[in-house]
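Spelled out, the chains give:
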Amino acid sequence: MSSVHHWYESNLVGEDETADISNINFGSVDEPNIVPSAHLISRGQNSFSKYIRCKFTGTWTEILNMKLWKSAGEYVAGETIKAAANVAYDTPSQVGTGDGNIPIVEGSALHIHSAEGLDTIVYGDTGVTGYTTYIRLQEQTTGSTPAGAVASKTFLFQYDES
Amino acid sequence: MSNTIDQNIGGDNPISNLVFHWIAIFNDGKIEQFENGKEHLFKEVRDRMNDLVYFNLTDRKGHLFTVNLQNGLIGYNRLEFPYIETDEKKENIRLIFFRRHRIELGTNNLEEKSHTIAYHLGCQYNDEYNHNHKIILEIDSEGNWILRS
């Protein structure tokens, strides 16, 4: 077999972790697998920040070149998604994260490290957990953002494995 | 050692979820990625690079890609002659092999988006001026490939 990836999201002050999340929808609540229509973001407000990370199980020799970028999904007026990689967990909130816009091409993609702070995840090495560091995401709107649903977004997560 | 290939490529191996599997031919034997229900990690190849003669990548459909670590040539489907060749003098020939995963994550659904694996196979070497060169095939799960260098 090869590596198998699992996405986790952490929430609340206790860094409560949910494994194998089914979506990364943004909303006005700090919880995983949000139903957007039930947790609308008011115009001019931000979503709760999201802290997600990947965990690799299975077998491999080395995983490296882990990258993330937004590959599809148009913004509406005043809408942006902010992102940062390799951040420490903090209790999610609707306060602006101060992060930059999520990259939209591979060339400027976010480079993701292992939880141990390395560029690589080596199978079986002492202390290796298989986790990446946290990726922080937040959807931000302005007063010019139109009412209604926004377009779905697609993110690409890429890594090399031997 | 000749570059003989077993057809027992692990295709029925229940622990394999990969389309392509590697077979490493050393100057004193070989290791198949999947043998008798056991997986060998690529680390076992990496640790013996100096003894590596051929590195093959093959699937159940009969595609076979070969890197000859003695002359830096890449073969395709058992052709006797190198499929991709350069006239340069090659020194310090080193294997390149990794799988590139691309996983699409959607805001609405993480599970229904795509997960593709491209196999990157080739070698790098130094020319007579000690400049480094890479020749890499990017192979998709259907065996289609493009040359990247």
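Criteria and thresholds
- Residues numbered from 1 in each chain as written.
- Chains lettered and ligands numbered in written order.
- Predicted model: local features only at pLDDT ≥ 70, side-chain atom pairs only at ≥ 80, totals over all residues.
- Helix = DSSP H or I, 4+ residues; strand = E, 2+ residues; numbered from the N terminus.
- Buried ≥ 20, exposed ≤ 12 C-beta atoms within 10 Å, placed from the backbone.
- Pairing = 2+ DSSP bridges.
- Contact = placed C-beta atoms within 7 Å.
- Nonpolar A, V, L, I, M, F, W, Y, C, P; charged D, E, K, R; others polar.

Engineer: When you look at unusual backbone geometry in this model, what are you seeing that I'm missing?
Structural biologist: Only a minority of non-glycine residues have a phi that is not negative, and only a minority of peptide bonds are not trans. All names here are of chain B. Phi is positive for Asn-92, close to 55 degrees, though the residue is something other than glycine. Inspection of the secondary structure assignment puts Asn-92 in strand S8 (residues 91-106). Its 11 C-beta neighbours within 10 Å are what place Asn-92 among the exposed residues. A positive phi angle is found at Asn-130, which is not glycine, with a value near 70 degrees. For Asn-130, the location among the structural elements is in the loop between strand S9 (115-126) and strand S10 (132-139).

Engineer: Help me out: how do you make sense of the sheet that holds strand S1 (residues 3-11) of chain A in this one?
Structural biologist: The strands making up a sheet are joined through hydrogen bonds of the backbone, oriented either antiparallel or parallel. All names here are of chain A. One open sheet accounts for 6 strands, arranged S2-S1-S3-S9-S5-S6; its pairing is antiparallel. Edge positions in the sheet fall to strand S2 (16-19) and strand S6 (100-101), since each has one partner strand and no second. As defined by bridge partners, S1 adjoins strand S3 (residues 50-58) across 8 bridges and the pair is classed as antiparallel. Along S3, the bridge assignment pairs Glu-9 with Ile-52.

Engineer: What am I meant to see in the interface of chain A and chain B here?
Structural biologist: Where interface size is quoted, it is often the accessible area lost as the parts come together. Between chain A and chain B, the residue contacts involve 24 residues of the former and 25 residues of the latter. The greatest single-element share of the side of chain A that touches chain B, amounting to 8 residues, is contributed by strand S10 (residues 154-161) of chain A. Counted by class, the side of chain A that touches chain B contains 10 nonpolar, 11 polar and 3 charged residues. In this sheet, S8(B) lies alongside S10(A) in antiparallel orientation, the contact comprising 8 bridges. Across the sheet, residue Glu161(A) finds its bridge partner in S8(B), namely Arg99(B).

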